[in-house]
Each structure stands twice: as structure tokens, then as C-alpha cells.
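Listed here are the chains, written in short residue letters.
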Amino acid sequence: RGHNMEKCCRCEKIFNVSDARKEYNAEFGEDLDFDENYGNEVCADCAICDTESNINLGKGIDMMNGEEDYDADHVEKYL
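K.L.:
Would you mind showing me how to read the pattern of salt bridges here?
P.N.:
Think of it this way: side chains of opposite charge can pair up when their charged atoms draw near. Enumeration over the complete set of coordinates arrives at 4 salt bridges. For the salt bridge of D45 with K13, the shortest nitrogen-to-oxygen distance reads 2.9 Å. A residue pair is termed long-range when its members are at least 10 positions apart, and D45 in helix α3 (residues 44-64) and K13 in the loop between β1 (5-7) and β2 (14-16) qualify at 32 residues. The salt bridge partner of K59 is E68, with a shortest N-O separation of 4.0 Å.

See below:
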């Protein structure tokens, strides 16, 4: 493997860690930390998909708890 290249532990794609970090940060800004959440084990595609899923799950839970406007379609899809 080349410099800074790793194999994703989820999809097994070979990826460049610094490129994955840039892609993840472009998607979520500085709000979420790629290294803290995924280190060098998960590619950008899997990390972004995972994070979006977690955000949608959290949003669904907030809807169930009345902390966010209820959207039955969202709750059905993500909970």
C-alpha cells in the first residue's frame, strides 16, 4: 500500500486517509471529527453513510421524544 493508504474495515476498499478526512469534513464541516469517530479504519463513503444514518436515527428519536417536529415518514424509515 502507498503512503497513507488503508483498507476500509467495512467495504474493504483501499483509500487514502487524508483524502477521506477532507471528503468527510467537506460533508459535515468542523462539527464532526473524522479521526475521532473513524480513525484510519473506515473510508469516506462508509463514514459519511454511517454518520448520516446516526444523524437520522437521532433525529427520529428526537421526534419520538417531542423535541423535534414529528415526521411519520422519517420515523418509519429510520427507527
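K.L.:
Would you take a moment to explain the nonpolar core for this structure?
P.N.:
Burial of nonpolar side chains together is a common tendency in soluble globular proteins. Among the nonpolar cores identified, the biggest contains 14 residues, and C8, F15, Y24, F34, Y38, V42 and A47 are the most heavily contacted of them. Of all the elements in the fold, those that place two or more residues in this core are α1 (17-28), α2 (34-38) and α3.

K.L.:
Even after reading the chapter, I still don't get α3, so can you show me in this structure?
P.N.:
In an α-helix, one turn spans 3.6 residues; hence positions three or four apart end up facing the same way. For α3, spanning 21 residues, the distance from its first C-alpha to its last is 30 Å, which sits close to the expected 30 Å at 1.5 Å a residue. For α3, every residue scored as buried is listed here: A44, C46, A47, I48, T51, N56, G60 and M63. As for α3, its buried residues are in contact with α1, α2 and α4 (72-78). Residue G66 follows α3 closely and has a positive phi angle near 80°.

K.L.:
How do you make sense of α1 when you look at a structure like this?
P.N.:
Here α1 contains 12 residues, and its C-alpha end-to-end distance of 16 Å stays within 8% of the 16 Å for a straight helix at 1.5 Å per residue. The secondary structure elements touched by the buried residues of α1 are β1, β2, α2 and α3. G29 sits one or two positions beyond α1 and adopts a positive phi of about 65°.

K.L.:
I tried to follow the packing of aromatic side chains on my own but got confused; where do I start?
P.N.:
We describe a pair of aromatic rings using the distance from one ring centre to the other and the angle between the two ring planes. On inspection of all chains with the given rule, the structure shows 4 aromatic pairs. Here the aromatic rings of Y24 and F28 are separated by 5.0 Å at their centres, their planes lie at 55°, and the arrangement is tilted. Of this pair, Y24 and F28 both sit in helix α1, 4 residues apart, roughly one helical turn. When sorted by exposure, Y24 lands in the same class as F28, which is buried.

K.L.:
Any chance you could explain the side chain of T51 here in plain terms?
P.N.:
Tracing the sequence through the fold places T51 in helix α3. Overall, T51 belongs to the buried group, its relative accessible area being 7%. Aside from chain neighbours lying at most four places away, what touches T51 is Y24, F28, L32 and Y38.

What counts and what doesn't
- Residues numbered from 1 in each chain as written.
- Predicted model: local features only at pLDDT ≥ 70, side-chain atom pairs only at ≥ 80, totals over all residues.
- Heavy atoms only, no water.
- Salt bridge = Lys/Arg side-chain N within 4 Å of Asp/Glu carboxyl O.
- Helix = DSSP H or I, 4+ residues; strand = E, 2+ residues; numbered from the N terminus.
- Core = buried A, V, L, I, M, F, W, Y, C linked by side-chain atoms within 4.5 Å.
- Buried < 20%, exposed > 50% of the residue type's maximum accessible area, 1.4 Å probe, protein only.
- Expected span 1.5 Å × (residues − 1).
- Contact = heavy atoms within 4.5 Å.
- Phe/Tyr/Trp six-rings, centres within 6.5 Å; stacked < 30°, edge-to-face > 60°.

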